[in-house]
Amino acid sequence: MAKKMLMAGYTVAGLVGGGTPLWAQETAAQASRTIPAVWWVAPVGSLVALGFALLFYFWMKKQNPGEPEMVKIAGYVKKGAMAYLKQQYKVVAIVFVIISILLSIMAFWLKAQSVWVPFAFLTGGFFSGLCGYLGMLSATEASSRTAFAAKDSLNKGLKVAFRSGAVMGLIVVGFGLIDICLWFLLLYKGVPALHQIYPNFIFFQPMDLKEITVVMLCFGMGASTQALFARVGGGIFTKAADVGADLVGKVEAGIPEDDPRNPAVIADNVGDNVGDVAGMGADLYESYCGSILASAALGAATALSLKTDPLPWVILPMIIAGIGNFLSIIGIYAVSTKEKATQKDLMASLFRGINLSSLLIVIFSAFAVFYILKDVTSLGNPVFMGVSSGAIGIWLAIVVGLVVGIVIGKSTEYYTSSDYKPTQLVAEQTQTGPATTIISGMALGMLSTIIPVISIGIGMLLSYGLSGGFTDPIRGLYGIGLASVGMLSTLGITLATDAYGPIADNAGGNAQMTNQPPFVRERTDALDSLGNTTAATGKGFAIGSAALTALALLAAYIEEIRMGLERAHVTVIQIGSGAVDIAGASLDNFMEFYKITLMNPKVLVGAFIGSMLAFAFAAMSMKAVGRAAGRMVQEVRRQFKEIKGLLEGKAEADYTTCVSIATKGAQSEMILPASMALIAPVAVGLLLDVPGVMGMLVGGLSTGFVLAVMMANSGGAWDNAKKYIESGQYGGKGSFNHKAAVVGDTVGDPFKDTAGPSLNILIKLMSMVAVVFAGLTVKYAPQISQWLGMS
């Protein structure tokens, strides 16, 4: 049966009881659109984060860069990393230009999108790229300083590496939040003010908060697109170099890791930075921005449903993020350790900072929620000590997000740290060869999905119910969005623990290549092994927040469908025998209108496509690593064969060629999987309409989340099993067991650093693309369905 759309002859811009557009009511009620003073916590928090990032950067620069040879090696890595990033940004710039042209056609010609969307898209990508550049600049400067500091003490090495990693963490939250705040100021206050001066100019037409938040959400697509290229490209680069260096250097030639005789060793160190610093930074930047923007959009929809002032609901996620920035800085200063620290001691020192920040955000977020929503959440709910139970429920949703993040982090630590039984059992399996090592690691990864999946499920139900979702679904989805904001509210310190890892890894390489005393390498190895676990924990946070944010984005997608119908001058939809105004239609109304049920084959086909995309994307990125690594292996073998005296240490390897091979491989191989993620939501939307898109997003979310956890944890366990053997267990370095562990680690490299972490970006990018192109789906999918006989 064809959908029946009744054209009422007028365009609705968001009705609240009457026929006056919401923006006009807002303007009439408050001509200046006053923003509460408490909102300024958000932009001030972002600026403070950027200020401390600068402070930590200059503190790091003041540390001793080490001996001349250490500085020389660090210079090779920095040069290679910056050359790669420059080449990657050239490719990404071309993609951004093409997408911007398409978005401009949609906005200015087809009238299927706001005129601000192309510009929001560009700024999202620009700030994400800027974060990657600045974070990598800090990381490459820090490696030799960390190695030299480790000569002095383990604690000093930890502080240099961690505070250098904090530069990346604070840059991401600082630039992410300030960009959101600037867009909010421009659209909420700047545009109405300029409308008074230039009333007919297309860019200065006032929008209600619902449309403002949906436009801002499109900024997230730019961040997600940049993140996908950074993650996939960086992952291919780093793992091609790592696999090539390990297979030929360790397994075939029997030389130590990071030995200067290995031609791929500099490319390997470069890869740690482009993959785990620039790539992870871009990944969590888009997670952070996506959670705030999705929650803000759902806040506007919630207020519309409750017929209350939307502003407090919209600004609450920004304020929570701003508070988190202050508290992350406090946590960073709490990190230190003692000499002779075990892996557990080092982990405890990092978690001391994270747990302190998390505890403080629980306390301060309560004050923020109770103050901001004090007048708008009673709505018939009981009041306890002057606070509405509705506000308490929303605060508890934030706490739920924090707790789920900590549970996922602890679960990841348990399954990937060599201090615990699962990874030790993987190391034990090396006694019977590489095959059983790989089987054991795969099984561990599959089992490790249980706790994250149950945690996310419980977290979704709790945050949904506590926010009132079982009474009003849109409020529950707002609560889920705030749970993701809570999980990432202390991202400044969480990302610092992640970016610290590749710095410690590079420091170990620097110590090895410059022939430092054995105790220096022992200390950097301790820091590096900890970095493997913190990196896996960071991936767990990214994947967990992706699941929560993606669900919030599903609801935001419906809000954009509402906006698309309004732009098409559809004001009424027919549901059964009754007509419902678009502006007042509930989430359930749209579900019923579009027949989004499990009995609709479009939904099921979409779900299958979404699940398939997760596997196809992972396969493409892993095959890309395999091809690039194959070229790297051939080059390293060639140099060992043709450069006389190289293996004896009498000649210098050609590092530049290996860096060039990894760069070219990453640039050419990242295009296809990234393009698939961008094209699929648009194609599914045009062919299968809104039901197909919803099915695809649900299938991609459920399958992609579980697959990402499995791959990240398998890879982390294989890596730390190798490190466990290198510490002297099961024969130590050079033994049969060690070679089996290296093979397992080689398989795990693209699992944990390419395919796995890229999947959480895929989940959110597909959602973002669906939101941005919703207007196109609304306008043309019904016509295509009629042509294909699927109406």
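Everything numeric here is computed off the predicted structure, so don't read it as measured data. (Residues numbered from 1 in each chain as written. Predicted model: local features only at pLDDT ≥ 70, side-chain atom pairs only at ≥ 80, totals over all residues. Heavy atoms only, no water.)

A.B. asks: Outline a nonpolar patch on the surface, listing residues and values.
C.D. replies: Among the surface-exposed residues, Val 403, Val 407, Leu 447, Ile 450, Ile 451, Ile 454, Ile 458, Leu 462 and Leu 466 lie close enough to one another that they form a single nonpolar patch of about 720 Å² accessible area. Broken down by secondary-structure element, the contributors of at least two residues to the nonpolar patch are helix 10 (389-416) and helix 13 (450-466). Broken down by element, the residue count for the nonpolar patch peaks at six residues, all from helix 13. Positionally, Val 403 belongs in helix 10. (Patch = residues over 30% accessible without salt bridge, like charges linked within 9 Å, V, L, I, M, F, W, Y side chains within 5 Å. Areas by Shrake-Rupley, 256 points an atom, 1.4 Å probe, with all protein chains shown as cover. Salt bridge = Lys/Arg side-chain N within 4 Å of Asp/Glu carboxyl O. Helix = DSSP H or I, 4+ residues; strand = E, 2+ residues; numbered from the N terminus.)

A.B. asks: So, the pairing of strand 5 (residues 578-581): which residues are in play, and what are the values?
C.D. replies: Relative to strand 5, strand 4 (residues 572-575) runs antiparallel, the two being bridged by four bridges. When the bridges of strand 5 are listed, Ile 575 appears paired with Gly 578. Turn length for the strand 4-strand 5 hairpin, with the two strands adjacent in sequence and antiparallel, is two residues, and the turn residue Gly 576 shows positive phi of about 65 degrees. (Pairing = 2+ DSSP bridges.)

A.B. asks: Requested: an account of the nonpolar core, with residues and values cited.
C.D. replies: If you look at the biggest cluster of nonpolar residues, it comprises 255 residues, and the most contacted ones within it are Phe 184, Met 318 and Tyr 557. Leave out the neighbours within four places in its chain, and Phe 184 touches Ile 35, Trp 39, Lys 189, Leu 209, Met 216, Leu 311, Val 314, Ile 315 and Met 318. (Core = buried A, V, L, I, M, F, W, Y, C linked by side-chain atoms within 4.5 Å. Buried < 20%, exposed > 50% of the residue type's maximum accessible area, 1.4 Å probe, protein only. Contact = heavy atoms within 4.5 Å.)

A.B. asks: Lay out the environment of Met 487 with the relevant residues and their values.
C.D. replies: With respect to the secondary-structure elements, Met 487 resides in helix 14 (residues 473-488). Overall, Met 487 belongs to the buried group, its relative accessible area being 1%. With 271 residues separating them along the chain, Met 487 and Met 216 place their C-alpha atoms 21 Å apart.

A.B. asks: With reference to specific residues and values, describe the packing of helix 20 (residues 671-726) against helix 21 (residues 736-772).
C.D. replies: Between helix 20 and helix 21, whose axes approach to 5 Å, the crossing angle comes to 155 degrees. When the interaxial angle is binned, helix 20 and helix 21 end up roughly antiparallel. Of the two elements, helix 20 crosses helix 21, and the hand of that crossing is left-handed. In terms of residue class, the contact of helix 20 with helix 21 is built from 28 nonpolar, 11 polar and five charged. (Axes fitted to C-alpha atoms, helices over the stretch in contact; angles between N-to-C directions. Parallel < 35°, antiparallel > 145°, perpendicular 65-115°, else oblique. Left-handed = near helix turned anticlockwise from the far one by under 90°. Nonpolar A, V, L, I, M, F, W, Y, C, P; charged D, E, K, R; others polar.)

A.B. asks: So what's going on with unusual backbone geometry? Which residues, and what values?
C.D. replies: Positive phi, normally seen in glycine, also occurs at Asn 515, with a value near 55 degrees. Looking at the element boundaries, Asn 515 is found in the loop between helix 15 (491-513) and helix 16 (518-567). Residue classification places Asn 515 among the exposed residues on the basis of a relative accessible area of 67%. Residues other than glycine seldom take positive phi values, yet Lys 595 does so here, at roughly 55 degrees.

A.B. asks: Report on the pattern of salt bridges, specifying residues and quantitative values.
C.D. replies: Inspection of every chain in the model, using the stated rule, returns 21 salt bridges. Linking Glu 560 and Arg 567 is a salt bridge whose minimum nitrogen-to-oxygen distance equals 3.3 Å. For the pair shown, Glu 560 and Arg 567 are each scored as buried. When salt bridges that share partners are traced, they join Lys 239, Asp 719, Lys 722, Lys 723, Asp 745, Asp 749, Lys 752 and Asp 753 into one network.

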